[in-house]
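# Summary of the model geometry
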Amino acid sequence: STSARVRRHVAAGGTAFVLDGDDLVELTSRERRAILPVSRIPATIAGLARHNVANALAAAAVAAVAGMTAGEIAEGLGSAPQITGRLEVVCREPFTVLIDFAPPPDALRRVLADAARALDPDEVAELTALAERVRGDRAGGPVPPQTSGP
């Protein structure tokens, strides 16, 4: 559901790009236009990569302000490649393996939390993430593993 703040913005003549179920949607005071399902945006991993869902919403808004049509926005988002190393599916058989090189520990925790929410708990054996602390351009040593699982 759309927040009260977004509804007020749209009612005042503004435009908003929101997630409505699986759809990335453009809202104006006159219409609700579905741009495309988030599951068709490769970088979102069917909506699992919540940070990339937020990025897609922002990109759609910027593209609209730049004059792109809904069709052009859908084409651009739907054809943008998955970012190597950011919640990247590296294999699906005999089980799914995702890799994410989110260096800050708080980003790692968010990725694990998003994955844990999105995946079927009956099919998840373990989620484990490792990272390196980075200070400037020098590695500061390993970050303790962040793990979530049954």
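Attention here is on the structure that accompanies the text.

## So, the overall build of the protein
A tally of regular secondary structure across the protein gives four helices and seven strands. For the protein, the succession of helices and strands along the chain, N to C, is α-β-β-β-α-α-β-β-α-β-β. The 150 residues of the protein split such that 31% are buried. Of the contacts made within the protein by residues no fewer than 6 positions apart, 31% connect residues no fewer than 24 positions apart. As presented, the protein carries roughly 9500 Å² of accessible surface, and 55% of it is formed by carbon and sulfur atoms.

## Notes on the side chain of Glu 26
Considering the arrangement of structural elements, one finds Glu 26 in strand β2 (residues 23-27). Look at Glu 26 and you get buried, because its relative accessible area is 11%. Setting aside residues no more than four positions away along its own chain, Glu 26 makes contact with Thr 15, Ala 16, Phe 17, Glu 31, Arg 32, Arg 33 and Ile 35.

## Digging into the environment of Ala 58
When you line up the elements, Ala 58 lands in helix α2 (residues 50-65). Distance in space between the C-alpha atoms of Ala 58 and Ala 16 is 9.8 Å, their sequence separation being 42 residues.

## Quick word on the nonpolar core
Residues Leu 24, Ile 35 and Leu 77 are the most contacted members of the largest nonpolar core, which totals 15 residues. Secondary structure elements with two or more residues in this core: β3 (32-37), α2 and α3 (70-79). A per-element tally of this core places α2 first, with five residues. Apart from the residues lying within four places of it in its own chain, the contact partners of Ile 35 are Phe 17, Leu 24, Val 25, Glu 26, Ala 70, Ile 73 and Ala 74. Membership of the second largest hydrophobic core comes to six residues, among which are Leu 48, Ala 49, Leu 87 and Val 111.

## Concerning the sheet that holds β2
Here three strands make up an open sheet; going across it, the order is β1-β2-β3 and the pairing antiparallel. In the strand order of this sheet, the two ends are held by β1 (16-20) and β3, each with one partner. In this sheet, adjacent strand axes meet at a mean angle of 30° when their direction is disregarded. Together, β1 and β2 form the strand contacts of helix α1 (residues 4-11), whose direction differs from that of β1 by roughly 140°. Running over the sheet, α2 touches β1 and β2 and is turned about 145° from β1.

## Regarding the pairing of β2
The buried count for β2 comes to four of five residues, which makes it a mostly enclosed element. Linking two consecutive strands that pair antiparallel, namely β1 and β2, is a turn of two residues; a positive phi of about 65° is found at Gly 21 within it. Judged from the five bridges that link them, β2 and β3 form a sheet pairing that is antiparallel. Note that in β3 the partner of Leu 27 across the bridge is Arg 32. Taken together, β2 and the strand that follows it, β3, pair antiparallel across an intervening segment of four residues.

Thresholds applied
Residues numbered from 1 in each chain as written. Predicted model: local features only at pLDDT ≥ 70, side-chain atom pairs only at ≥ 80, totals over all residues. Heavy atoms only, no water. Helix = DSSP H or I, 4+ residues; strand = E, 2+ residues; numbered from the N terminus. Buried < 20%, exposed > 50% of the residue type's maximum accessible area, 1.4 Å probe, protein only. Contact = heavy atoms within 4.5 Å. Areas by Shrake-Rupley, 256 points an atom, 1.4 Å probe, with all protein chains shown as cover. Core = buried A, V, L, I, M, F, W, Y, C linked by side-chain atoms within 4.5 Å. Pairing = 2+ DSSP bridges. Axes fitted to C-alpha atoms, helices over the stretch in contact; angles between N-to-C directions.

What is shown is where atoms sit, not what they do.
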